[in-house]
Amino acid sequence: MAGQKTVRQEHPEFYHKTPGLVDLFRDRDRISPEQVALLPRSWYILGTVITVKIDPRVEDLKRDIGSALLSIYPRCRCVLMDRGIEGQFRVPKREVIAGSGTETVHRENGVVFKLDAMKIMFSAGNLNERMRMSRLGDDEFVVDMFAGIGYFSLPMAVHSRPDRVLSIELNPLAYGYLTENVRLNKVEGIVDPVLGDCAEEVPEGEADRVVMGFVEFTDRYLKEGIRALRPGGTLHYHQTVPERLYPGALVEDVRRKAEEQGRRVRVLRCARVKKYSPGVVHAVLDAVIT
Ligand SMILES: C[S@@+](CC[C@H](N)C(=O)[O-])C[C@H]1O[C@@H](n2cnc3c(N)ncnc32)[C@H](O)[C@@H]1O
């Protein structure tokens, strides 16, 4: 174009697009296009650990997938293949497929979470709920009945300055990380970790807010969760329900348990947290209990 000057760069720097996982496999002659189509398209980075779900039809490539992911993320040290979560302690079923070192420190929203990603869950799908909890609890006495390593207690303590957060955890390993994370986030004066069964450890009629961040069996602890609240306190009741029973089933659970204690429920909000399994949603109900 008239008036435009062409400038020849001495040492031109070319932008190299970081190859994606599929790019790294596409040119490998022993990998069929069908296999390439089944390769993982997403993974989750927890500190220096990558967790990835692999389609069983390409599981024989798991070590190649692991080392390829490490080559894409040079600051990561280990890749874990994810096979889901099980049991009362919600322990992940994982396998090291590349590198080593499963203990890591994950930073999210200004909060530090130390954990062993091989033995302790950390749900990517609960990010928004962790962010939401970080905006609640100001000047309150909060009881976190299923605290884990501090998924909800820490964001709340770091960003909202509650008076006190009683963080109850049954799994000694998770409790160990919870106490360490309280130190790492410098919230010793706010978060009070308790190793034990929340059914036994919750106070009675004192809490301004109760967080029940569990799934599948949460209703078994509703009596204690409601009993812990002072009149007018707020309950966050998490549960997994078939999509067709959402939100009615959660409201019914809380209404029934409250009525058994002669208490009334004012529903504030019910929302989906994440898809839990085919046809099942993880949801949370917020309600004021008078
Ligand atoms: C699903 S995890 C917490 C998930 C967390 N809310 C999140 O957002 O990712 C539930 C935690 O509750 C703990 N737990 C299970 N039963 C418990 C009980 N009766 N009392 C206290 N903690 C319990 C488990 O060990 C686990 O660490």
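Basis of the calculations
- Residues numbered from 1 in each chain as written.
- Predicted model: local features only at pLDDT ≥ 70, side-chain atom pairs only at ≥ 80, totals over all residues.
- Heavy atoms only, no water.
- Near = heavy atom within 4 Å.
- Polar contact = N/O pair within 3.5 Å; in protein donor to acceptor, adjacent residues only side chain to side chain.
- Areas by Shrake-Rupley, 256 points an atom, 1.4 Å probe, with all protein chains shown as cover.
- Nonpolar A, V, L, I, M, F, W, Y, C, P; charged D, E, K, R; others polar.
- Domains from an automatic or database assignment.
- Pairing = 2+ DSSP bridges.
- Helix = DSSP H or I, 4+ residues; strand = E, 2+ residues; numbered from the N terminus.
- Axes fitted to C-alpha atoms, helices over the stretch in contact; angles between N-to-C directions.
- Contact = heavy atoms within 4.5 Å.
- Buried < 20%, exposed > 50% of the residue type's maximum accessible area, 1.4 Å probe, protein only.
- Core = buried A, V, L, I, M, F, W, Y, C linked by side-chain atoms within 4.5 Å.
- Phe/Tyr/Trp six-rings, centres within 6.5 Å; stacked < 30°, edge-to-face > 60°.
- Buried area = accessible area lost by both parts, 1.4 Å probe.
- Salt bridge = Lys/Arg side-chain N within 4 Å of Asp/Glu carboxyl O.

*Asks:* Tell me about the site of the ligand, residues and numbers included.
*Replies:* The environment of the ligand is formed by 19 residues, the closest being Gln88, Asn126, Glu169, Cys198 and Gly213. Here a nitrogen atom of the ligand and a side-chain polar atom of Gln88 are 2.7 Å apart. Here a nitrogen atom of the ligand and a side-chain polar atom of Tyr221 are 3.3 Å apart. Against a free-state accessible area of 590 Å², the protein chains account for coverage of 97% of the ligand. A per-class count over the shell around the ligand returns ten nonpolar, six polar and three charged. When residues of the shell around the ligand are assigned to domains, at least three fall in each of domain 1 (21–101) and domain 2 (121–289).

*Asks:* I'd love a proper account of the sheet that holds strand S13 (residues 280–289), names of residues and values included.
*Replies:* Spatially, seven strands are ordered S9-S8-S7-S10-S11-S13-S12 in an open sheet, and the strand pairing comes out mixed. At either end of the open sheet lies a strand with only one pairing partner, and these are strand S9 (191–195) and strand S12 (265–277). Averaged over all neighbouring strand pairs, the angle between strand axes comes to 15 degrees, with direction disregarded. Pairing of strand S10 (residues 207–212) with strand S11 (residues 229–242) involves five bridges; the strand directions are parallel. Note on S11: the bridge partner recorded for Val211 is His236. Lying over the sheet, helix H6 (residues 172–184) contacts strand S8 (164–169) and S9, oriented at roughly 165 degrees with respect to S9.

*Asks:* Can you explain unusual backbone geometry? Please cite residues and give values.
*Replies:* Of note, the bond from Tyr246 into Pro247 is cis; its omega dihedral lies within 30 degrees of zero at 0 degrees. Tracing the sequence through the fold places Pro247 in the loop between S11 and helix H9 (248–260). Even without being glycine, Arg90 reaches a positive phi, approximately 50 degrees. Residues other than glycine seldom take positive phi values, yet Asn109 does so here, at roughly 55 degrees. Judged by its relative accessible area of 30%, Asn109 is partly exposed.

*Asks:* Hey, could you go over the sheet that holds strand S1 (residues 44–46) for me, with residue numbers and the actual values?
*Replies:* The strand order across the open sheet formed by four strands is S1-S2-S3-S4, and the pairing between neighbours is mixed. Each end of this open sheet is capped by a strand with a single partner; those strands are S1 and strand S4 (91–99). When strand polarity is set aside, the average angle formed by the axes of neighbouring strands in this sheet is 30 degrees. Sheet analysis places strand S3 (residues 78–86) next to S4, joined by seven bridges and oriented antiparallel.

*Asks:* Account for the pairing of strand S5 (residues 103–108), naming residues and giving values.
*Replies:* Because side chains alternate across S5, one face comprises the buried residues Thr104, His106 and Glu108, and the other comprises Glu103, Val105 and Arg107, none of which is buried. When S5 meets strand S6 (residues 111–116), the two strands line up antiparallel, connected through six bridges. Across the sheet, the residue bridging to Glu103 is Asp116, located in S6. Hairpin geometry of S5 and S6 is characterised by an intervening segment of two residues between the two adjacent antiparallel strands and by a positive phi of about 55 degrees at Asn109.

*Asks:* If you had to explain the nonpolar core to someone new, which residues and values would you point to?
*Replies:* In this structure, Val143, Met145, Val210, Met212, Leu235 and Val254 are the most contacted members of the largest nonpolar core, which totals 32 residues. Elements with a minimum of two residues in this core: strand S7 (141–144), S8, S10, helix H8 (222–227), S11, H9 and S13. Counting residues per element, this core draws most heavily on S13, which supplies five residues. Met212 has contacts with Met145, Phe146, Thr218, Tyr221, Leu222, Gly225, Leu235, His236, Tyr237 and His238, leaving out every residue within four places of it along the chain.

*Asks:* Can you explain the packing of aromatic side chains? Please cite residues and give values.
*Replies:* In this structure the tally under the stated criterion is seven aromatic pairs. Plain terms: the ring middles of Phe113 and Phe122 are 5.1 Å apart, the flat faces sit at 70 degrees to each other, and that makes the pair edge-to-face. Ring centres of Phe214 and Phe217 lie 6.4 Å apart, and the angle between their planes is 50 degrees; on these two criteria the pair is classed as tilted. Assessed through its relative accessible area of 26%, Phe217 is described here as partly exposed.

*Asks:* Tell me about the domain arrangement of the chain, and please be specific about residues and values.
*Replies:* Parsing the chain into structural domains produces domain 1 (21–101) and domain 2 (121–289). Put simply, the middle of domain 1 and the middle of domain 2, counted by C-alpha atoms, are 32 Å apart. Contacts between the two partners involve seven residues from domain 1 and, on the opposite side, 13 residues from domain 2. Three residues, Gln88, Phe89 and Arg90, lead the burial of domain 1 against domain 2; their summed loss comes to 62% of the area buried on that side. Viewed at the interface, domain 2 and domain 1 are joined by one salt bridge. Taking the shortest distance from any N to any O, the salt bridge between Arg90 and Glu216 comes out at 3.9 Å. Here domain 1 and domain 2 share two residue pairs in polar contact (both at pLDDT 80 or more) between them. Of the residues that constitute the side of domain 1 that touches domain 2, the class distribution is five nonpolar, one polar and one charged.

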